[in-house]
Amino acid sequence: MNVMLLSYLRCPYCRGALRKDTLDGDFGIISCACDKYPIVAGIIYLQKNDALLNKHAVRAVSRKQYGRAFWQVLSGPRVQKMVMYCVWALRCKWGISISRKNVLKLMKVLSTNKSWFDYLLHRDESIDISMATNSLSRASVRGEIIADIGCGTGSLYEHLHAVRQMRSGYIGIEKNVNSLLFARLYLEGDALWVCSDIEQGIPIVDSVIADTLFVDCFAWIYHKERTLAESKRILMRKGTVTIVNIYAQTLRTKLWGYGVSPDYLRKIMKKYFSKITFFNNDRPDRIIGLAMRCLHKERYSCQAVKE
Ligand SMILES: [Zn+2]
């Protein structure tokens, strides 16, 4: 865990600064004006819900009951939680590692949502990840900070390591804590993994990010305009936002998330950003521009700059 990057985070609820209270390896407690949050297995857990999981996990961490804190924040059906707990305990307590692929295959067998685990098993082969990587040269060269919104199991971070030296600071934000645990347990490096719901706002302070990325997740965000406004807020001047895989609302894409019409997206992009370019996913080298006449409305991507 990159502790230095903690100072770039803020509370998504009160928007106040976060303070590190305790840190013991991968477990700790941070606090803000409105609450306390746990650091569990190296993941910053910035979520509140009706089950008060953050409070239960904070209490467990303060008593050094780290296994209990880990169990508290796990999500999903009990059987999936047990798999994740066993994978973590085997690796961290006894040094026994089960490959990520085998764990995902096991989760797929146990899950009713098999297509999701199929997607995770084959995500590395997706062109979306290499498209996003190619958009990042500026941040990587200057050693600035990347915010990967909806980072899932960390495929983009893994790819950045595979194709070039990862010199930038990296903050991965994801709502699903189990996905983040895959990233934390299986990926090397010095990232900061944050569990937070983007609908509450992006838990990063103003004007510090060089590149904000949304890879395969923009369709699952309800508040699209508010999210773009938040993306602008966290970007430094001349910083870029890149959205990979955007869908219009068609009969074919209705189960792929909350689609957005190209006209509406163009309108809200223009409100917050400049130098906006659109491109089809099958021809990422061919920039379409604002006219969007040649846009494949079911699979396209977008990049823009904060002036
Ligand atoms: Zn707060």
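Structure: above.
No experiment lies behind these values; they were computed from the predicted model shown.

Q: Which residues make up the overall build of the chain, and what values go with them?
A: From N to C terminus, the chain includes 11 helices and 11 strands. Out of the 307 residues in the chain, the part that is buried amounts to 39%. Pairs at least 24 apart in sequence give 61% of the contacts found in the chain among residues at least 6 apart.

Q: Tell me about helix α2 (residues 66-73), and name the residues and values.
A: When we look at burial in α2, the residues that qualify are Tyr-66, Ala-69, Phe-70, Gln-72 and Val-73. What you see down the axis of α2 is that its buried residues fit within an arc of 160°, all on one side. Where α2 is buried, its residues touch β2 (27-31), β3 (36-40), β4 (43-45), α1 (53-62), α3 (78-94) and α9 (177-186).

Q: Describe the packing of α3 against helix α4 (residues 100-110), listing the residues and the values that go with them.
A: α4 packs onto α3 with a crossing angle of 165° between their chain directions and a minimal axis gap of 10 Å. Considering their axes alone, α3 and α4 lie roughly antiparallel with respect to each other. Of the two possible hands of crossing, α3 and α4 adopt the one that is right-handed. Along the contact surface, α3 presents Val-79, Gln-80, Val-83 and Val-87, while α4 presents Val-103, Leu-106, Met-107 and Leu-110. Residues that form the contact of α3 with α4 fall into these classes: 7 nonpolar, 1 polar and no charged.

Procedures and definitions
Residues numbered from 1 in each chain as written. Predicted model: local features only at pLDDT ≥ 70, side-chain atom pairs only at ≥ 80, totals over all residues. Helix = DSSP H or I, 4+ residues; strand = E, 2+ residues; numbered from the N terminus. Buried ≥ 20, exposed ≤ 12 C-beta atoms within 10 Å, placed from the backbone. Contact = placed C-beta atoms within 7 Å. Arc of directions from axis to C-beta. Axes fitted to C-alpha atoms, helices over the stretch in contact; angles between N-to-C directions. Parallel < 35°, antiparallel > 145°, perpendicular 65-115°, else oblique. Left-handed = near helix turned anticlockwise from the far one by under 90°. Nonpolar A, V, L, I, M, F, W, Y, C, P; charged D, E, K, R; others polar.

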